[in-house]
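Analysis of the macromolecular model
These are the residues of each chain, in order.
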Amino acid sequence: MKEKNYEAALTIKEARLTIAFTGAGISVESGIPPFRGPGGLYERVSPSIFEIDSFLDDPAGSWKMLLEYVLLPLLRARPNPAHEVLARMEEKGLIKAVITQNIDGLHRRAGSRNVIEFHGTADELECLRCRTTYPAEKFLPVPLLKSSPGPVEKPEAQTGPLPGSDVSDLIRNFEPPRCPRCKSILKPAIVFFGERIPESALARSFDYARKTDCLLIIGTSGVVYPAAMIPQIAAANNAQIIEINTEPSEYTEAISSIFIQAKASEALAGIEHYLTG
Ligand code: NAD
Ligand code: ZN
């Protein structure tokens, strides 16, 4: 592991343009579970809460589910040391951009500046008609945002039904927020199944994927398309692929030049040690 961290640091130092590509795994240590697998969100709710047609069929019901199981846990989460290492690497000019599949906003909150949010963000709401976006906090009851349980030991602790009957009442009585401009219903500005990837995120990500000579993949299984194409494009353009994951992924055997099997925060701390040393 030490040797691999050293090798990864050397590759990053020698690269012309390093890009990070992250998935749900980098936020697990912030208490946000992945969707799939043991302890994942899909054990508690159906994946259909992310289908745009289900949302349009029943915005009120969808909003309550999304609020309880997705938006509030994400809005209350804090960046972990893995996000922080990436922010410092950008500041030192060691990485150019972070392309993330995550919707939790934690890269920006950790201080990363050039972040491409491929699947949108839970920090904002967008109007279904005029497409104006607004900060999510503006439309959510303050007591819900303030009911932060603080740091958590176990991911489950933060994502189960929220404690307290006041909070459950607020969720039960929550009405879908409406656009101040056109009065249409607002939806979380995350990319639902059946929706397109925001055009500029798609174009910029694929452009970086073609240009990078060192792609750092962190905590993604590589099964969600078209995001999963980003490492494939980079590899086809001869980029070095450094992968960090607790388990082998779709990329490990296929394209990874260096595979570090470890938690994101541990591997990134190890790499940073050799970058600065
Ligand atoms: P995924 O759930 O398919 O895969 C997560 C990967 O992270 C797995 O390969 C797992 O082995 C690895 N992992 C788990 N813990 C880790 C750790 N501590 N350190 C390093 N790796 C770890 O996630 P995905 O590939 O990102 O695709 C799922 C989709 O769902 C994406 O669109 C993603 O945006 C979305 N999602 C987002 C969040 C979030 O915003 N935090 C959370 C769950 C899912
Ligand atoms: Zn509108």
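This structure is a prediction, so every number in the text was calculated from the model and none was measured. (Residues numbered from 1 in each chain as written. Chains lettered and ligands numbered in written order. Predicted model: local features only at pLDDT ≥ 70, side-chain atom pairs only at ≥ 80, totals over all residues. Heavy atoms only, no water.)

Quick look at the coordination of the zinc ion (ligand 2)
Rule in force here: Distances decide who is a donor: an N, O or S atom must be within 2.8 Å of the metal, or within 3.2 Å for Na, K and Ca. Water is not included, so sites may look incomplete. For a four-donor site, all angles between 85 and 135 degrees give tetrahedral; for four or six donors, opposite pairs above 155 degrees with the remaining angles between 65 and 115 give square planar or octahedral; all remaining cases count as irregular. Strands here mean DSSP runs of E at least two residues long; helices mean DSSP runs of H or I at least four residues long; both are numbered from the N terminus.
Here the zinc ion (ligand 2) is held by Cys127 (SG), Cys130 (SG), Cys179 (SG) and Cys182 (SG), and the distances to it run 2.3 to 2.4 Å. One can describe the site at the zinc ion (ligand 2) as tetrahedral: its 4 donor atoms subtend angles covering 94 to 123° at the metal. Along the chain, the residues that donate to the zinc ion (ligand 2) are spaced as C-x2-C-x48-C-x2-C. Placement of the pair is Cys130 in the loop between β4 (120–127) and β5 (133–135) and Cys179 in the loop between α8 (165–172) and β6 (186–190), with a sequence separation of 49 residues.

Some words on the packing of aromatic side chains
Put simply, the test is: Geometry of aromatic contacts follows a simple scheme: Phe, Tyr and Trp rings, the Trp one being its six-membered ring, pair when their centres are within 6.5 Å, and the pair is stacked under 30 degrees between planes, edge-to-face over 60, tilted otherwise. Throughout this description, buried means an accessible area under 20% of the type-specific maximum (1.4 Å probe, protein chains only), exposed means over 50%, and partly exposed covers the range between.
Going through the model one piece at a time under the given rule, you end up with 6 aromatic pairs. When the centroid spacing of 5.1 Å and the interplanar angle of 20° are considered together, the rings of Phe35 and Phe50 count as stacked. Taken together, the residues Phe35 in the loop between β1 (18–22) and α2 (52–57) and Phe50 in the loop between β1 and α2 connect sequence positions 15 residues apart. Its relative accessible area of 5% is what places Phe50 among the buried residues. Members of the aromatic cluster, connected to one another through ring pairs, are Phe35, Tyr42 and Phe50.

So, the site of ligand 1
To keep it simple, the criterion reads: One heavy atom within 4 Å of a molecule or strand is enough for the residue carrying it to be called near that molecule or strand. Here a polar contact is recorded for every N or O atom pair within 3.5 Å, except that within protein the pair must consist of a potential hydrogen donor and a potential acceptor, and residues adjacent in sequence are included only if both atoms are side-chain atoms. Here the open area of atoms and residues is found with the Shrake-Rupley method and a 1.4 Å probe, where only the protein chains shown may cover a residue. Amino acids are sorted into nonpolar (Ala, Val, Leu, Ile, Met, Phe, Trp, Tyr, Cys and Pro), charged (Asp, Glu, Lys and Arg) and polar (every other residue, Gly among them).
Taken together, 27 residues sit near ligand 1, with Gln101, Asp104, Thr220, Ser221 and Asn245 positioned nearest. Note that an oxygen atom of ligand 1 is positioned 2.8 Å from one of the backbone N or O atoms of Ala24. Within the complex, 91% of the 850 Å² of free accessible area of ligand 1 lies under protein. Partitioned by chemical class, the residues of the shell around ligand 1 number 10 nonpolar, 12 polar and 5 charged.

Structural notes on the pattern of salt bridges
Keep this limit in mind: Any Lys or Arg side-chain nitrogen found within 4 Å of a carboxyl oxygen on Asp or Glu counts as a salt bridge.
All told, the structure shown has 11 salt bridges when counted by the stated rule. Glu272 serves as the salt-bridge partner of Arg88, at 2.7 Å between the closest nitrogen and oxygen. A residue pair is termed long-range when its members are at least 10 positions apart, and Arg88 in helix α4 (residues 81–91) and Glu272 in helix α11 (residues 264–276) qualify at 184 residues. Owing to a relative accessible area of 35%, Arg88 belongs among the partly exposed residues under this scheme. Judged by relative accessible area, Glu272 falls into the buried class, the value being 13%. For Asp123, the salt bridge goes to Arg108, with nearest N and O atoms at 3.2 Å. One end of the pair, Asp123, is in strand β4; the other, Arg108, is in helix α5 (residues 106–110), with 15 residues separating them in the sequence.

As for the sheet that holds β6
The condition that has to hold: The rule for pairing is simple: two strands pair if DSSP sees at least two bridges between them. For every element, the axis is a line fit to its C-alpha atoms; helices are fit only across the contacting stretch, and the angle between N-to-C directions ranges from 0 to 180 degrees.
Here we have 3 strands laid out as an open sheet, ordered β5-β4-β6, and antiparallel in their pairing. The open sheet has two edge strands with one neighbour each: β5 and β6. Each strand of the sheet is rotated relative to its neighbour by a mean of 45°, with strand direction disregarded. Where β4 meets β5, 3 bridges bridge the pair, whose relative direction is antiparallel. Residue pairing for β5: Leu125 is matched across the bridge by Tyr134.

Thoughts on the confidence of the model for the protein
One rule of thumb: low pLDDT means the predicted coordinates there are not for detailed reading. Inclusion rule: As a per-residue measure, pLDDT reflects the predictor's confidence and takes values from 0 up to 100. The contact definition used throughout considers only heavy atoms, calling two residues in contact when any of these lie within 4.5 Å.
With 92% of its residues at a pLDDT of 70 or more, the protein shows a mean pLDDT of 91. Confidence drops under pLDDT 50 across residues 149–159; counting only partners more than four residues distant or on other chains, this segment forms 17 contacts.

Considering the packing of helix α1 (residues 2–14) against α11
Stated formally: Convention used here: angles under 35 degrees read as roughly parallel, angles over 145 as roughly antiparallel, angles from 65 to 115 as roughly perpendicular, and any remaining angle as oblique. Here a crossing is taken to be left-handed if its near helix is turned anticlockwise relative to the far helix by less than a right angle, and right-handed if that turn runs clockwise.
Packing of α1 against α11 leaves a shortest axis separation of 8 Å and a crossing angle of 60°. Here α1 lies oblique to α11, going by the angle between them. α11 is crossed by α1, and the crossing has right-handed handedness. In this structure, α1 contributes Lys2, Asn5, Tyr6, Ala8, Ala9, Ile12 and Lys13 to the contact, and α11 contributes Ala267, Gly270, Ile271, Tyr274 and Leu275. Residues that form the contact of α1 with α11 fall into these classes: 8 nonpolar, 2 polar and 2 charged.

Regarding helix α10 (residues 229–236)
Threshold: The arc in question is traced by the directions running from the helix axis to the C-beta atoms.
Within the span of α10, buried status applies to Ile230, Pro231, Ile233 and Ala234. One side of α10 holds all its buried residues, which, seen down the axis, span an arc of 160°. Directly beyond the C-terminal end of α10, a positive phi value near 70° is found at Asn238.

Concerning helix α9 (residues 199–211)
Working note: α-helix, 3.6 residues per turn, so residues spaced by three or four point in the same direction. To keep things clear, this is the line we draw: A helix is expected to span 1.5 Å for every residue after the first.
Taking 1.5 Å of rise per residue, the 13 residues of α9 would be expected to cover 18 Å, and the 18 Å separating its terminal C-alpha atoms lies within 8% of that figure. Taken together, the buried positions of α9 are Ala201, Ser205, Phe206, Tyr208 and Ala209. The buried residues of α9 occupy an angular sector of 160° when the element is viewed end-on, so they sit on one face. Facing away from the buried side of α9 by more than 90 degrees, the exposed set consists of Glu199 and Ser200.

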